[in-house]
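Descriptive analysis of the structure
The primary structure of each chain is shown beneath.
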Amino acid sequence: MPSEDAKALMEAATDAVILIDQTGRIYAVNHAAEDLFGYTQAEFIGSDVSRLMPEPDHSAHAGYLARYLQTGIGHIIGRGREVRVLRRDGSLVPVALSVGRIAGSAPPRFVGFLRDVSEQHRAMAAIQNERDYARESEAVSLRSQSRLMAVSRIATMGEMAAGVAHEVNQPLAAITNYARACERFIAADPPALDDIRDCVREIASETRRAADIIRDLRNIVKDKRVERLSANLSDIVRQVQPLLEADARAHDTQLEFALAEHLPSVMLDNAQIQQVLLNLARNAMEALATKSPATRRILISTRTDDQGAVEVSVSDNGPGVDACVVDRLFDPFSTTKASGGGLGLAISRTITQAHGGSLSHHPAEHGGACFTIHIPQTHSDPA
């Protein structure tokens, strides 16, 4: 059974947390897991975790676990992915799942974090509905554009969920380890008070780290009133750098930054420009999917041009934009992806034009594509 500190941490988590032993039997859950699945804690304890899985995962889970115990090769252990889980009432719920082995456990034990992503799925459905409406209309009203931008932000973050989950799970895992260390130090005779203080400080630090990640995510996703303030474009990039780096790690991509230190300030809505930046970075990562992971590179840079305007560029070393779509690259519903609505670049251009700027594309210097956000320094009227 987990320690009292570990129980408290589990209950503080908004995600469902489930602990299982090497046989797949559940030995601890938090209240979020009860809410997600509809079982009581007593009904969870001692049951096989496969009861929470629909077919074919239900039948295959024992084999996955046995293979991991024999070879150390995990099917989902140590990775994050989206799956469907089976609730008590028979309904299926999409969740972002991360599973890890509990450090130092022998025989091995495992912890799973599950986050309900139903809202993200509904947001994606809303995008489809907005797309159908826009196709039937000759013009999209300002209100419709605002809704599309808001849903696009949610969809972009939904695509980045694996990377964000990984970033949040790191401080949570560290907190768990420090809590276990505190338990050992308290049990010492006499208790190791200095070591306990150090662990508590680290727990507080890791808690702030997780809170900062969640705060940054909320600031980008939430639908708020457009508010343009004087801002430094390099600082805006730095604010989303942790999210970009997390997504790059999830896509086995090397991400580099070349940010000018002394850019002139311009009037910007931070969340909207960050949305454009995230869209461009996501497009670049998808364009690199066919390349070997060791060769995937993206460069995000800022600078001032000869006229004093500020720019941020996202360039990759992928195959570049297909010549057949270059002329309609920023048109709504124009896409070469197997999935996707073709709205990302169109919305991104709308946002930059609303700032008095532009969004352009040109081939990158060493192959691939380069997209540049251009904001004139003279555009200072927030209206």
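Residues numbered from 1 in each chain as written. Predicted model: local features only at pLDDT ≥ 70, side-chain atom pairs only at ≥ 80, totals over all residues. Heavy atoms only, no water.

**Section: the overall build of the protein**
Rules: The secondary structure listing takes helices from DSSP runs of H or I that are at least 4 residues long and strands from runs of E that are at least 2 residues long, numbered from the N terminus. Partly exposed describes any residue whose relative accessible area lies between the buried limit of under 20% and the exposed limit of over 50%, with all areas from a 1.4 Å probe on protein chains only and scaled to the type maximum. The contact definition used throughout considers only heavy atoms, calling two residues in contact when any of these lie within 4.5 Å. Using a 1.4 Å probe, the Shrake-Rupley method yields the accessible areas, and only the shown protein chains count as cover for residues.
When you go through the protein residue by residue, the secondary structure sums to 11 helices and 12 strands. Every one of the 383 residues in the protein was classed for burial, and the buried ones make up 44%. Of the contacts formed within the protein by residues at least 6 apart in sequence, a portion of 59% connects residues at least 24 apart. Carbon and sulfur atoms form 52% of the exposed surface of the protein, whose accessible area is close to 19,700 Å².

**Topic: the packing of helix α9 (residues 233-250) against helix α10 (residues 270-287)**
Quick note on the threshold: The axes are straight lines fitted to the C-alpha atoms, using for helices just the contacting stretch, and the angles between their N-to-C directions are given from 0 to 180°. Comment on the angle field: the value is read as roughly parallel under 35 degrees, roughly antiparallel over 145, roughly perpendicular from 65 to 115, and oblique elsewhere. Crossing chirality is assigned from the near helix's rotation relative to the far helix, an anticlockwise turn below a right angle marking it left-handed and a clockwise turn marking it right-handed. The residue classification treats Ala, Val, Leu, Ile, Met, Phe, Trp, Tyr, Cys and Pro as nonpolar and Asp, Glu, Lys and Arg as charged. All others, Gly included, are polar.
Where α9 contacts α10, the two axes come as close as 10 Å, and the packing angle between them is 40 degrees. Judged by the inter-axis angle, α9 sits oblique to α10. Where α9 crosses over α10, the two elements pack in a sense that is right-handed. Judged by residue contacts, Leu233, Ile236, Val237, Gln239, Val240, Leu244, Asp247 and Ala248 of α9 engage Asn270, Ile273, Gln274, Leu277, Leu278, Ala281, Arg282 and Met285 from α10. Of the residues that constitute the contact of α9 with α10, the class distribution is 11 nonpolar, three polar and two charged.

**Describing the pattern of salt bridges**
To keep things clear, this is the line we draw: Whenever a carboxyl oxygen of Asp or Glu lies within 4 Å of a side-chain nitrogen of Lys or Arg, that contact is scored as a salt bridge.
Counted according to the given criterion, the structure contains nine salt bridges. Here Arg238 and Glu261 are joined by a salt bridge, their closest N and O atoms 3.4 Å apart. Highlighted residues: Arg238 in helix α9 and Glu261 in the loop between β7 (254-258) and β8 (266-268), separated in sequence by 23 residues. A residue is classified by how much of its surface remains accessible, and Arg238, at 31% relative accessible area, is partly exposed.

**Brief notes about the sheet that holds strand β1 (residues 16-20)**
Short version of the rule: Between any two strands, at least two bridges found by DSSP are needed for them to pair.
The antiparallel open sheet is built from five strands, whose spatial order is β2-β1-β5-β4-β3. The open sheet has two edge strands, β2 (26-29) and β3 (80-86), and neither has a second partner. Ignoring which end each strand starts from, the neighbouring axes of this sheet average 35 degrees apart. Two elements, β1 and strand β5 (residues 110-116), share five bridges in a ladder whose sense is antiparallel. Bridge assignment links Ile20 to a residue of β5, and that residue is Phe110.

**Concerning the confidence of the model for the protein**
As a reminder of what qualifies: For every residue, the pLDDT score states the predictor's confidence, bounded by 0 at the bottom and 100 at the top.
Averaged over every residue, the pLDDT of the protein is 80; residues scoring 70 or more account for 80%. Counting contacts from residues 138-142, a segment whose pLDDT is below 50, to residues more than four positions away or on other chains yields two contacts. In the predicted structure, residues 338-342 sits below a pLDDT of 50 and forms nine contacts with residues beyond four places in sequence or in another chain.

**A few points about the packing of aromatic side chains**
Where two aromatic rings form a pair, the distance of their centres and the angle of their planes describe that pair. So the rule is basically this: The criterion for an aromatic pair is that two Phe, Tyr or Trp rings (for Trp, the six-membered ring) have centres within 6.5 Å, with stacked assigned to planes under 30 degrees apart, edge-to-face to planes over 60 apart and tilted to the rest.
As enumerated under the stated definition, the model contains three aromatic pairs in all. Considering the side-chain rings of Tyr39 and Phe44, the 5.6 Å spacing of their centres and the 70 degrees angle between planes classify their relative orientation as edge-to-face. Each member of the pair, Tyr39 as well as Phe44, is classed as buried. Here the aromatic rings of Tyr68 and Phe110 are separated by 5.5 Å at their centres, their planes lie at 75 degrees, and the arrangement is edge-to-face. Of this pair, Tyr68 sits in helix α4 (residues 57-71) while Phe110 sits in strand β5; the two residues are 42 residues apart in sequence, bridging distant segments of the chain. Of the two residues, Tyr68 and Phe110, both sit in the buried class.

**Considerations on α10**
Rules: One less than the residue count of a helix, multiplied by 1.5 Å, gives the span that helix is expected to have.
In this model α10 runs 26 Å from its N-terminal to its C-terminal C-alpha over 18 residues, within 8% of the 26 Å that 1.5 Å per residue would give. In terms of burial, α10 is a largely internal element, 14 of the 18 residues being buried.

**Side note on unusual backbone geometry**
Following Glu55, the chain continues into Pro56 via a peptide bond in cis, with omega recorded as 5 degrees. Each neighbour pair has its own omega, and for Asp189 with Pro190 the value is 0 degrees, a cis peptide bond. Positionally, Pro190 belongs in the loop between α7 (161-187) and α8 (193-221). With phi around 50 degrees, Asp252 is a residue other than glycine that occupies positive phi space. On the secondary structure map, Asp252 appears in the loop between α9 and β7.

**A few points about the sheet that holds strand β9 (residues 297-304)**
If you walk across this open sheet you meet the five strands as β7-β9-β10-β12-β11, and the pairing is mixed. Edge positions in the open sheet fall to β7 and β11 (358-363), since each of these has one partner strand only. Adjacent strand axes in the sheet meet at a mean angle of 15 degrees, parallel and antiparallel pairs treated alike. Packed on one face of the sheet, α9 meets β7, β9 and β10 (310-316) and runs near 170 degrees to β7.

**Brief notes about the environment of Val237**
Along the polypeptide, Val237 turns up in helix α9. For Val237, a relative accessible area of 1% gives the class buried. A C-alpha to C-alpha distance of 7.1 Å links Val237 and Gln274, two positions 37 residues apart in sequence. When near neighbours in sequence (up to four residues on either side) are disregarded, Val237 contacts Phe257, Leu259, Leu277, Ile300, Thr302 and Val312.

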